[in-house]
Amino acid sequence: MNRFKVTGRRGALVLLSSVLTLAAGCSGSVSDSGQGSGPTAQTINFAAVGAQTVGAAVTLSATASSGLSVSFESNTLSICIVSGSTATMAASGTCTLEATQPGNATWAAAAPVTQSFTVNGESQTVTFANPGTQTVGTPLTLVATASSALTVTFASQTSSLCTVSGTTATFVTTGTCTIQATQAGNSQYAAATPVDQSFTVNAPSGGDPTSGVLPSYDDAYANWKNAGLATVGGIPVRTTICATVDPLGGGQDDFTNIQNAINNCPAGEVVQLAAAAFSIKLADMPINISTGITLRGTGACSGASSPYCQTSITVIDGALAYTGGMCGTSTSNEVTCPNGGQPEILMSPVLPDYNYSWETCGNVGANLGTGCGATPLAADAAQGQTTIQVTSTSGFTVGSWVLIDEASGAGWVTDPMNQWTGNGSVWAASDWLSPSGSPATGRVLWSKAEDNTWDFGSTEYPYQANSTGCWYSYCDRPTAELHKIASIGAGPCPGTNCTLTFDDPLTIAFRQSGGHNAQVYAHLYGNNSGIGSPISMLQQAGVENISLLRAPEGGLEMELCVNCWVKNTEVGDWYGGGISMAYSARSELNTVYVHHCWDSVNNGGEYPLSLDSASTEMLITNSITNFAGKGMVARAGGAGSVVSYNYIDDTMYDAESGIGDYWLDMGINASHYSGPHHVLFEGNWGDNLDNDNTHGNSMYITFFRNLGSGFRTPFTDPSVGGLVDDFTGNGYYCPSGLTSCVQQAPGPLRAAGPMAYNYWFAYLGNVLGTAGKSTGANGWTYSGDFTASRIFMLGWSGGNGGQDPYLDGKSGAYILINGNYDYLDDAVIWQGSPVTLPNSFYLSSEPAFFTAGSGYPWPWVTPTGSAQIQNGPVGCGGTCSGLPAQARWQAGTPFVQP
């Protein structure tokens, strides 16, 4: 008998042939052990299957060379399934099918054949209707559907104009907004073709005055219009008096009586001080206002000499005039003034002024501000966004004010001024020298040079505790703002709905990516450890109608203050700072006069006004500063703030400074430390419109309808007793005290002069120079370094000389200069397309102080008019300044309008 054992594909034993059949009734046996030739080989021809779509069914075709039927099965059951000769596509991906023929007694099993092909998702379409014309500041809920019924997502294609978070679009400025709707598909559906919709975004009711005039990266109109107390109806007029305080007289200490009255006064009421002279001592300071009360003097500050207010508070053993920092009741008993003491008045919920912590981050300086309880952003946030995504919403509450900041992300960047400075490289953000101002990001330059000649040592960096990088912000985090929470996302966290929405937009980007590690601080504590119960910001506190005199560590400090104000207040004969503002928001200085720094030396205490430490949407208006080292400074603060209609003149360093009055420092400026951005200067008078780079840079600063005269008004230096006249070249250099003073021509003279490293400023509609003085015959030119008098002293560097190549005058790279009138050319210079200049970049109508007194023309700076500068009204003879603050100064009554 022949036996053949054949193992097929599935291992079946098949008896193929020569089986001996024993017929019935026969007997005997047959045996055959010989070998046969075996079954015949066969092959399969499996027709290729092209790309398919989910849901499709395809009939498979394959033949065997034996003519036997072929079977099919799927090797990718999640993608495609087989029934008989029909394959059905279940999901997108790669389908692999196998064709087999197992053979029979004659034919051997064929080698399996596979075919692989793509299964595409079902097509889908997105329906996204054009939402039509929208309005700046009014959010829009986006609606779109997919034919698949899957969720549609949205993204802005024009983030400088409009931003998207989830399904909410926020409109930052006017223009054409483009939003894209997408559906990415899933295992069943292919990605849909994106749909873009473009539409117009108009100004809000009343019109956005910056529309078509300012570049989007400089534009913070949505914040500027909220500056000061605008969102709460202005400075309140309070009539309920909780206490009236009279002075003790005879030089007795009035501190306790004043402080007790403040402590016992209910919020919203007034502590009234009598129209008289009050006295306090150095050891008392500060008078602390920690609740929402008003401290008010009696009378209208109508005096013709200091003290101008009928109510005055004098530090009787305080600053002595031009003694190099001495205090005492007189020069016969002078002592060195305290260093680091408290101001005469402190408006703050904490005492002393350094006794606070955002989260557990301590005070600025000693702590790094990273990894100390703040909540990281979960995604980058662009300029103009009102909603940010965070990693957690725990601890945040609607209505609270929070701090948001980011690290600089700095590293070594080649110094564009290297041929003059020899710095080699400087420590700056990677996009510091980006050739476009958009997007608006924190393009920080630190005062750290590779040759170690600046503020940092060779092994010291801004992110290290107690370095210069921690002076006015948490270490290496000078891009900072304060914002009020309007709503909190529903979560879950983390996730796209784990959000905080503010009641106004970010003025600049805050980025989680790129080493910027942006974060939000939910809690404020009244101690440096961040322990105990959180405290709230001080709100609705005010100081009015008071002269503050002889303060050696600052006249008035506003810290951690929201909707606070200082009005009709004089700060005179001070040092250690006139009025400083830190970690404050939507607060206001209105009709203040800060003058005569009695220690006007280069020590950081000679500044009459300072916007510091994340202060946001502040308003400084209708005020006067003079006889101090600078007109004002900003240090890691000022975002969305407005400095308007102020008279800032006669900056000087005194005879004990080692400098002297010949040096013209910054007049109107937002600088002196890294981080200031998006400050608007409007309608001011200053001898120059500047920014320095002493301890870092500023960015995105706007100057609109200001007068930059190029000259200080001639004055008598009280420390020297000599006349200072910039035009005639008369000033004094005092290298080592009064006896060393020699005559020196004042300089450098300029009408506008942002120093090197300050980029993306806008100068629009200003009047620059002085008629008959800033002329070619007098040695003036349009632009250049500090070796001659300039209309624009762009990118200058003091001791090192040279001019920043990114700020090269009329070509306007890295800066916008347009529509300014200058007395050198005697014309308006349009370096871009001419535009219609609005009356204001933040007001819808003239401010009330222009209608006070005899009434004044508004705007008073009119570069495109028949007269570039408007004079005052007939009531002051028609010859006084058209700027009310300057007219008051000219009349000799800084608080009474002619």
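Residues numbered from 1 in each chain as written. Predicted model: local features only at pLDDT ≥ 70, side-chain atom pairs only at ≥ 80, totals over all residues. Heavy atoms only, no water.

A. Just the overall build of the protein, in detail. Tallying secondary structure elements over the protein gives 4 helices and 70 strands in all. Taking 898 residues into account, the globule formula puts the C-alpha radius of gyration at 29 Å, and the protein, at 38 Å, lies well above it. By its C-alpha atoms, the protein is 155 × 65 × 55 Å across when sized along the principal axes. Looking at the protein as a whole, 57% of its 898 residues qualify as buried. Long-range pairs, those at least 24 residues apart, make up 66% of the contacts in the protein with a sequence separation of at least 6. If you sum the accessible surface of the protein, you get close to 31,900 Å²; carbon and sulfur atoms cover 50% of it. (Helix = DSSP H or I, 4+ residues; strand = E, 2+ residues; numbered from the N terminus. Rg over C-alpha atoms; globule rule 2.2 N^0.38 Å. Buried < 20%, exposed > 50% of the residue type's maximum accessible area, 1.4 Å probe, protein only. Contact = heavy atoms within 4.5 Å. Areas by Shrake-Rupley, 256 points an atom, 1.4 Å probe, with all protein chains shown as cover.)

B. Quick look at the sheet that holds strand S37 (residues 479-488). With antiparallel pairing, 6 strands are arranged side by side in an open sheet as S31-S39-S33-S37-S38-S32. The sheet terminates laterally at strand S31 (375-376) and strand S32 (387-389), the two strands that pair on one side only. (Pairing = 2+ DSSP bridges.)

C. Fine view of the sheet that holds strand S34 (residues 410-414). Taken in spatial order, the 3 strands of this open sheet run S34-S35-S36, and their pairing is antiparallel. Edge positions in the sheet fall to S34 and strand S36 (445-449), since each of these pairs with one other strand and no more. In this sheet, neighbouring strand axes are inclined to one another by 35° on average, regardless of whether the strands run parallel or antiparallel. (Axes fitted to C-alpha atoms, helices over the stretch in contact; angles between N-to-C directions.)

D. Structural view of the state of the cysteines. Inspection of every chain in the model, using the stated rule, returns 11 disulfides. Sulfur-sulfur distance for the disulfide between cysteine 162 and cysteine 177 comes to 2.1 Å. The disulfide joining cysteine 162 to cysteine 177 has a torsion of about 90° about its S-S bond and is therefore right-handed. Taken together, the positions of cysteine 162 in strand S17 (residues 162-165) and cysteine 177 in strand S19 (residues 175-182) put the pair 15 residues apart, joining distant regions of the chain. Across the pair, exposure class does not vary: cysteine 162 and cysteine 177 are buried alike. Linked covalently through their sulfurs, cysteine 876 and cysteine 880 form a disulfide whose S-S length is 1.8 Å. Disulfide cysteine 876-cysteine 880: the torsion about the S-S bond is -60°, which places it as left-handed. One exposure class covers both cysteine 876 and cysteine 880, and it is buried. (Disulfide = S-S within 2.5 Å.)

E. Seen up close, the packing of aromatic side chains. For the structure on display, the rule yields 43 aromatic pairs. With a centroid separation of 5.4 Å and an interplanar angle of 50°, the aromatic rings of phenylalanine 711 and tryptophan 780 are classed as tilted. Highlighted residues: phenylalanine 711 in the loop between strand S58 (707-708) and strand S59 (715-717) and tryptophan 780 in strand S66 (residues 780-783), separated in sequence by 69 residues. We note that phenylalanine 711, like tryptophan 780, is buried. Taken together through their ring pairs, the aromatic side chains of Tyr217, Trp432, Trp454, Tyr700, Tyr757, Tyr759, Trp760, Tyr806 and Tyr814 make up a single cluster. The ring of tyrosine 461 is capped by lysine 448, whose NZ or CZ atom sits 4.2 Å from the centre of that ring. Taking NZ or CZ as reference, lysine 773 lies 5.9 Å from the ring centre of phenylalanine 711, over its face. (Phe/Tyr/Trp six-rings, centres within 6.5 Å; stacked < 30°, edge-to-face > 60°. Lys NZ or Arg CZ within 6 Å of the ring centre and 35° of its normal.)

F. View of helix H4 (residues 884-891). Listed as buried for H4 are Pro884, Ala885, Gln886, Ala887 and Arg888. The inward-facing, buried residues of H4 abut strand S47 (588-597), strand S50 (624-626), strand S53 (647-648) and strand S55 (685-686). Phi turns positive one or two residues past the end of H4, at glycine 892, with a value near 80°.

G. Structural context of the layout of surface pockets. Of the voids in this model, the second largest pocket is the one considered here, and its volume is about 970 Å³. Together, 41 residues line the second largest pocket, and Glu588, Asn590, Pro847, Ala848 and Phe849 are the ones closest to its centre. Those elements giving two or more residues to the lining of the second largest pocket turn out to be helix H1 (221-224), strand S42 (542-549), strand S45 (565-574), S47 and strand S49 (619-621). Ranked by the residues each element gives to the lining of the second largest pocket, the list is headed by S47, at 3 residues. (1 Å grid on protein atoms, 1.4 Å probe; cavity = no way out; pocket = protein on both sides within 12 Å on 5 of 7 lines; lining within 4 Å. Points joined across faces, edges and corners; volume = space filled by probe spheres on them.)

H. Quick look at the pattern of salt bridges. Overall, the coordinates contain 14 salt bridges when judged by the stated rule. With a closest N to O distance of 2.8 Å, glutamate 406 and arginine 511 form a salt bridge. Taken together, the residues span a long stretch of sequence, with glutamate 406 in strand S33 (residues 401-406) and arginine 511 in the loop between strand S38 (499-502) and strand S39 (519-521) at a distance of 105 residues. In this structure arginine 511 comes out as buried when scored by relative accessible area, which is 11%. Linking lysine 630 and aspartate 665 is a salt bridge whose minimum nitrogen-to-oxygen distance equals 2.5 Å. Here lysine 630 is found in the loop between S50 and strand S51 (633-635), whereas its partner aspartate 665 is found in the loop between S53 and strand S54 (680-682), with 35 residues between them in sequence. (Salt bridge = Lys/Arg side-chain N within 4 Å of Asp/Glu carboxyl O.)

I. Summary view of empty space enclosed by the protein. Within the structure shown, the criterion is met by 2 cavities of 30 Å³ or more. As a volume, the largest cavity reaches approximately 40 Å³. Those elements giving two or more residues to the lining of the largest cavity turn out to be S17 and strand S18 (168-171). The element best represented in the lining of the largest cavity is S17, accounting for 3 residues. Taken together, the residues that form the lining of the largest cavity break down as 1 nonpolar, 7 polar and no charged. When its volume is computed, the second largest cavity comes out at roughly 30 Å³. For the second largest cavity, the full set of lining residues is Leu403, Asp405, Tyr472, Ser473, Tyr474, Arg477, Ala480, Tyr583, Ser613, Ala614 and Ala636. Of the residues in the lining of the second largest cavity, the class split is 7 nonpolar, 2 polar and 2 charged. (Nonpolar A, V, L, I, M, F, W, Y, C, P; charged D, E, K, R; others polar.)

J. Highlighting the environment of lysine 281. Considering the arrangement of structural elements, one finds lysine 281 in the loop between strand S23 (277-280) and strand S24 (287-289). Classification of lysine 281 by relative accessible area gives partly exposed; the value is 38%. Distance in space between the C-alpha atoms of lysine 281 and isoleucine 316 is 5.9 Å, their sequence separation being 35 residues. Non-local contacts of lysine 281, meaning those with residues more than four positions away in its chain, are made with Asp253, Val315, Ile316 and Asp317.

K. Just unusual backbone geometry, in detail. In the segment running from methionine 285 into proline 286, the intervening peptide bond is cis, with an omega of 10°. Structurally, proline 286 is set in the loop between S23 and S24. The omega torsion across glycine 747 and proline 748 is -5°, close enough to zero to call that bond cis. As for its position among the elements, proline 748 is in the loop between strand S62 (742-743) and strand S63 (750-754).

L. How the structure looks around the environment of valine 245. Tracing the backbone shows valine 245 in strand S21 (residues 241-245). Setting aside chain neighbours within four positions, we find valine 245 in contact with Asn257, Ile258, Ala261, Val271, Gln272, Leu273, Ala274 and Phe278.

M. Inspection of the side chain of asparagine 363 at higher detail. With respect to the helices and strands, the residue asparagine 363 is situated in the loop between strand S30 (357-358) and S31. Contact partners of asparagine 363, with chain neighbours within four places excluded, come to Tyr354, Tyr356, Tyr474 and Asn528.

N. View of helix H2 (residues 255-263). Of the positions making up H2, those classed as buried are Phe255, Ile258, Gln259, Ala261 and Ile262. The arc that holds every buried residue of H2, seen down its axis, measures 160°, which confines them to one face. In this structure, the buried residues of H2 make contact with S21, strand S22 (270-273), S23, S24, strand S25 (294-297) and strand S26 (312-315). (Arc of directions from axis to C-beta.)

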